[in-house]
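Structural description and commentary
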Amino acid sequence: MLYPLPFDEGRPDETAAPPIDPDYRLAAEVYARLLVDDLTRSARIGVQAQAGVVLLRGRVRAEEVRAAAGRVAVEGGARDVLNDIEVRRGRGLRWPNLVVLFVVGAYASLVAGILGVNAGWIALALICALAAQLLQNRYRDAARRARDQRPG
């Protein structure tokens, strides 16, 4: 039986895996370590590697998680780490605000039941209150970020 020309030295080894790019191997190692680490396990962090330098990207809720991701990348064999992870604190509704919205909604539905008002208006009022709360949180977070980025 004759073999194709690229295998002039004999039959190829079918069990041998092709060589793996070292940057791909490094990125896979760092990503696997991020999945095992207690602080970074639940974080959504992307990993890229080039020439031994690891780039970390994503959003986390605490500075400790960001620092832990950089530490894990160094332990994974990175020559250098570009930590481009953004720390975002306190997105969304806070528990006290949710409790207030719930109490207001319960009171409004009780009053509406007594007065015979359509429940659709109550749902609309609650949706408006929820939207106002979300906007208030968004503007508060934007003001905090602007204050933190001011020089001086």
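Residues numbered from 1 in each chain as written. Predicted model: local features only at pLDDT ≥ 70, side-chain atom pairs only at ≥ 80, totals over all residues. Heavy atoms only, no water.

1. As for the side chain of Thr40
Here is the rule we go by: A run of DSSP states H or I qualifies as a helix once it reaches four residues; a run of E qualifies as a strand once it reaches two. Both are numbered from the N-terminal end. Here the term buried applies to any residue with accessible area under 20% of the maximum for its type, exposed to any over 50%, and partly exposed to those in between, with areas from a 1.4 Å probe on protein chains only. The contact criterion used throughout is that any non-hydrogen atoms of two residues lie within 4.5 Å.
Secondary-structure assignment places Thr40 in the loop between α1 (22–36) and β1 (44–50). Here Thr40 falls in the buried class, since its relative accessible area comes to 1%. Excluding its chain neighbours within four sequence positions, the residues that come into contact with Thr40 are Arg33, Leu34, Val65, Ala68 and Ala69.

2. Remarks on a nonpolar patch on the surface
The condition that has to hold: Put simply, a patch holds well-exposed residues, over 30% relative accessible area, that have no salt bridge, with like charges counted together within 9 Å and Val, Leu, Ile, Met, Phe, Trp or Tyr side chains within 5 Å. We get accessible surface area from the Shrake-Rupley algorithm with a probe of 1.4 Å; when it comes to residues, only the shown protein chains can shield them. Each reported salt bridge corresponds to a side-chain nitrogen of Lys or Arg within 4 Å of a carboxyl oxygen of Asp or Glu.
There is a patch of nonpolar side chains on the surface, built from Tyr31, Leu35 and Val36 and spanning about 300 Å² of accessible area. In this structure, Leu35 sits in helix α1.

3. Side note on the sheet that holds strand β2 (residues 53–60)
How we decide: When DSSP finds two or more bridges between two strands, those strands count as paired. Axis definition: a line fit to C-alpha positions, over the contact stretch in the case of helices; interaxial angles, taken between N-to-C directions, run 0 to 180 degrees.
Strands sit in the order β1-β2-β3 across an open sheet of 3 strands; the sheet is mixed. Each edge of the open sheet is held by one strand with a lone partner, namely β1 and β3 (80–87). Put simply, the sheet's adjacent strands are angled 10° from each other on average, direction ignored. Of the strand pairs in this sheet, β2 and β3 are connected by 8 bridges, and their pairing is parallel. Looking at the pairing, Val53 lines up with Asp80 of β3. Where α1 meets the sheet, it contacts β1 and β2, and its direction lies at approximately 155° from that of β1.

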